[in-house]
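Residues per chain are reported as follows:
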Amino acid sequence: MTARPAEPDPIPPACVSTVARLQQALDGDLPWATLDADPHALGCTDCRGRVRAAKLLLAVYPAPANTVAVPSRMAETILAGVRADRRSRVVRRWVGVVGGLAAAVALVVWSPWQQVADRPEVAERPPVVEPERPPPPVRVGAELAKAGEALKEGSRAWVEPAAAAPKLFAALTETVAAPAVPPPPSVEPARQSLAELPDAARAGLEPVTGSAQKAWNRLLRDVGAVAVKPKS
Amino acid sequence: MTDDAALVRRCLAGEPAAARELVGRFEADVLGLSARLLGHRQDAEDVTQEVFLRVFRSLGRWDPARPLRPWVLGIAVNRCRTWAGRRAKGPELADYLHEAPDPRPPDEAGELAREVRAAVDDLRPDYKAVFVLFHEHGQSYEDIAGAVGRPVGTVKTWLHRARLILLDRLRGRGLVVDDPADTPAGSG
């Protein structure tokens, strides 16, 4: 099977006028005798072949004739189809109208509820951005006063416990105050016993003197000399 | 008022006799054109049914200043084009299901006619449509232009190209005998 030619072969320039007359003859606008007497067609093999082929074509199509046989019931079938189509279109149109009305009624009923539900709220104002103000000028006197106040407030936390400490030590002093009478001679046996220790044992021990008592007494004296400063 | 316009007006008024007359006036043309363009008799009958459905649906939009016949044939051409496109996308039937048996005797003229028709069937669809409308249905260039929705110049170009393709094919098939004594088969 040969491929279907989509376009005709190009016509050589010498054959263009003859081909144009051939088309006129096929249209019925030019007698074939004119084409038979065409000098180019007589000398050109291709054009002579085209003219003969065109005559064959006209032999097949001598006159427009529609030879197809129409079935006897075809008109009835067509008209029945047309009537059915018209009925279905009417039904579709009514369905559309009724559906549209129903939708409109539903919209009318529903819209008041929707209006209440969807009442438009006042649109929020966009936040106003205030321009940044320049910092106030620094005043030295005011800043020093503020620093002093802060120092006074802040020092209260450690001044008050320090002021309370002498009271505590005074209480301790009263509790463990040294007796007013001289120490009883009961210490003598201790001195005696220490004296009786051998030299080796005494060399390993701290010599017991009154240094601890002196230190303790000096501490009590110093603590008692601290006077509690009243709160301002 | 023309005969076509009166007929259409009666159809729009809902006269059954007018609808029957309109179908009877054009059914052979529509069926013949569809059969030639589709190459399948059953498809052609189905398309003819569709064509008349569309004709009656859009009858109110027909321009009474134009002839009715090209308008109807134009709808047929469009439906055939759509049908052929749809058929091309679907599964292809076996060839023997496409072709109805030719009742004519297998003589030499019949052989030539079959060859020419086969060549016409191989044309491009738009070339084929204008060729069939001109040579088989006797439509004028203007009517064909109205039917296929193209300018007259385009229709002329298509028809001329279709003819040249056919002539080349007939020559290529050896059906043209170089006989200087042959005479024209038809004269204008």
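Calculation notes
- Residues numbered from 1 in each chain as written.
- Chains lettered and ligands numbered in written order.
- Predicted model: local features only at pLDDT ≥ 70, side-chain atom pairs only at ≥ 80, totals over all residues.
- Heavy atoms only, no water.
- Helix = DSSP H or I, 4+ residues; strand = E, 2+ residues; numbered from the N terminus.
- Buried < 20%, exposed > 50% of the residue type's maximum accessible area, 1.4 Å probe, protein only.
- Contact = heavy atoms within 4.5 Å.
- Core = buried A, V, L, I, M, F, W, Y, C linked by side-chain atoms within 4.5 Å.
- Patch = residues over 30% accessible without salt bridge, like charges linked within 9 Å, V, L, I, M, F, W, Y side chains within 5 Å.
- Areas by Shrake-Rupley, 256 points an atom, 1.4 Å probe, with all protein chains shown as cover.
- Salt bridge = Lys/Arg side-chain N within 4 Å of Asp/Glu carboxyl O.
- Buried area = accessible area lost by both parts, 1.4 Å probe.
- Nonpolar A, V, L, I, M, F, W, Y, C, P; charged D, E, K, R; others polar.
- pLDDT = per-residue confidence, 0-100.
- Disulfide = S-S within 2.5 Å.
- Axes fitted to C-alpha atoms, helices over the stretch in contact; angles between N-to-C directions.
- Parallel < 35°, antiparallel > 145°, perpendicular 65-115°, else oblique.
- Phe/Tyr/Trp six-rings, centres within 6.5 Å; stacked < 30°, edge-to-face > 60°.
- Lys NZ or Arg CZ within 6 Å of the ring centre and 35° of its normal.
- Left-handed = near helix turned anticlockwise from the far one by under 90°.

Novice: Describe the overall build of chain B, listing the residues and the values that go with them.
Specialist: Of the regular secondary structure elements, chain B holds nine helices and zero strands. Along the chain direction, N to C, the helices and strands of chain B fall in the order α-α-α-α-α-α-α-α-α. Sorting the 188 residues of chain B into buried and exposed places 46% on the buried side. When contacts within chain B are restricted to residue pairs at least 6 apart in sequence, long-range pairs at least 24 apart make up 62% of them.

Novice: Help me get a handle on the nonpolar core, residues and values and all.
Specialist: Within the largest apolar cluster, 80 residues are counted, with the highest numbers of intra-cluster contacts made by Trp32 of chain A together with Leu22, Phe56 and Phe131 of chain B. Take this core: its biggest share by element is eleven residues, from helix 2 (residues 16–38) of chain B. The next biggest cluster of nonpolar side chains, apart from the first, holds six residues, and it includes Cys15, Val19, Ala41 and Cys44 of chain A.

Novice: With reference to specific residues and values, describe a nonpolar patch on the surface.
Specialist: Residues Val90, Trp94, Val97, Val98 and Leu101 of chain A make up a contiguous nonpolar surface patch of about 500 Å² in total accessible area. The exposure class assigned to Val97 of chain A is partly exposed, which follows from its relative accessible area of 40%.

Novice: Can you explain the interface of chain A and chain B? Please cite residues and give values.
Specialist: Contacts between the two partners involve 47 residues from chain A, matched on the other side by 59 residues from chain B. Around 4700 Å² of area is buried between chain A and chain B when both sides are counted, 62% of it from carbon and sulfur atoms. Taken together, the links from chain A to chain B amount to six salt bridges. Note that Glu7 of chain A and Arg124 of chain B form a salt bridge whose closest N and O atoms lie 2.8 Å from each other. Secondary-structure elements contributing two or more residues to the side of chain A that touches chain B are helix 1 (16–27), helix 2 (32–36), helix 4 (45–60) and helix 5 (74–117) of chain A. Broken down by element, the side of chain A that touches chain B gets its largest block of residues, twelve residues, from helix 4 of chain A. Split into classes, the residues belonging to the side of chain A that touches chain B amount to 28 nonpolar, five polar and 14 charged.

Novice: Any chance you could break down the confidence of the model for chain B for me, citing the residues and the numbers?
Specialist: Mean pLDDT over chain B works out to 82, with 82% of the residues at or above the 70 mark. Predicted confidence for residues 181–188 of chain B stays below pLDDT 50, and this span has 13 contacts to residues more than four positions away or in other chains.

Novice: Provide a residue-level description of the state of the cysteines, including the pertinent values.
Specialist: Residue and element names in this part refer to chain A. Enumeration over the complete set of coordinates arrives at zero disulfides over all chains. Counting only cysteine sulfurs, Cys47 is the nearest neighbor of Cys15, a cysteine outside any disulfide, at a range of 3.6 Å. Cys15 supplies the cysteine sulfur nearest to Cys44, a cysteine that is in no disulfide, at a spacing of 3.8 Å. Look at Cys44 and you get buried, because its relative accessible area is 14%.

Novice: Talk me through the packing of helix 7 (residues 125–136) of chain B against helix 9 (residues 152–172) of chain B; I want residue IDs and the actual numbers.
Specialist: Residues and elements named next belong to chain B. It is at 8 Å that the axes of helix 7 and helix 9 come closest, and there the two elements cross at 90°. Looking at the two axes, helix 7 sits roughly perpendicular to helix 9. Here Asp126, Tyr127, Val130, Phe131, Phe134 and His135 of helix 7 lie close against helix 9, whose contacting residues are Val155, Trp158, Leu159, Arg161, Ala162, Arg163, Ile165 and Leu166. Across the contact of helix 7 with helix 9, the residue classes break down as ten nonpolar, one polar and three charged.

Novice: Quick rundown of the packing of aromatic side chains? Include the residues and the values.
Specialist: Where two aromatic rings form a pair, the distance of their centres and the angle of their planes describe that pair. Residues and elements named next belong to chain B. One pass over the structure, following the stated rule, counts two aromatic pairs over all chains. Taken together, a centroid distance of 6.3 Å and an interplanar angle of 50° make the contact between Tyr127 and Trp158 tilted. Here the residue Tyr127 occupies a position in helix 7, and Trp158 occupies one in helix 9, the gap between them amounting to 31 residues. For Tyr127, a relative accessible area of 0% corresponds to the buried category. The ring centre of Phe134 lies 5.1 Å from the NZ or CZ of Arg163, which sits over that ring.

Novice: Any details on the side chain of Ser58 of chain B? Residues and values, ideally.
Specialist: Residue and element names in this part refer to chain B. Tracing the backbone shows Ser58 in the loop between helix 3 (41–57) and helix 4 (68–89). Accessibility expressed as a relative area gives 10% for Ser58, which makes it buried. Each residue touching Ser58, except ones within four places of it in the same chain, is listed here: Trp71 and Ile75.

Novice: Please set out the packing of helix 1 (residues 3–12) of chain B against helix 2 of chain B residue by residue, giving values where relevant.
Specialist: Residue and element names in this part refer to chain B. In contact at an axis separation of 8 Å, helix 1 and helix 2 are set at 135° when each is read in the N-to-C sense. Looking at the two axes, helix 1 sits oblique to helix 2. Seen from above, helix 1 lies across helix 2 with left-handed handedness. Within the contact between the two elements, helix 1 uses Asp3, Asp4, Leu7, Arg10 and Cys11 and helix 2 uses Ala17, Ala18, Ala19, Glu21, Leu22 and Arg25. When its residues are assigned to classes, the contact of helix 1 with helix 2 shows six nonpolar, no polar and five charged.

Novice: Could you give me a rundown of the environment of Leu170 of chain B, with the residues and numbers involved?
Specialist: By secondary structure assignment, the location of Leu170 of chain B is in helix 9. Taking relative accessible area as the criterion, Leu170 of chain B reaches 1% and is therefore assigned buried. In this structure the C-alpha to C-alpha distance between Leu170 of chain B and Val116 of chain B, which are 54 residues apart in sequence, comes to 7.5 Å. In this structure Leu170 of chain B touches Ala53 and Leu57 of chain A together with Glu115, Val116, Leu175 and Val176 of chain B, once residues within four positions along its chain are discounted.

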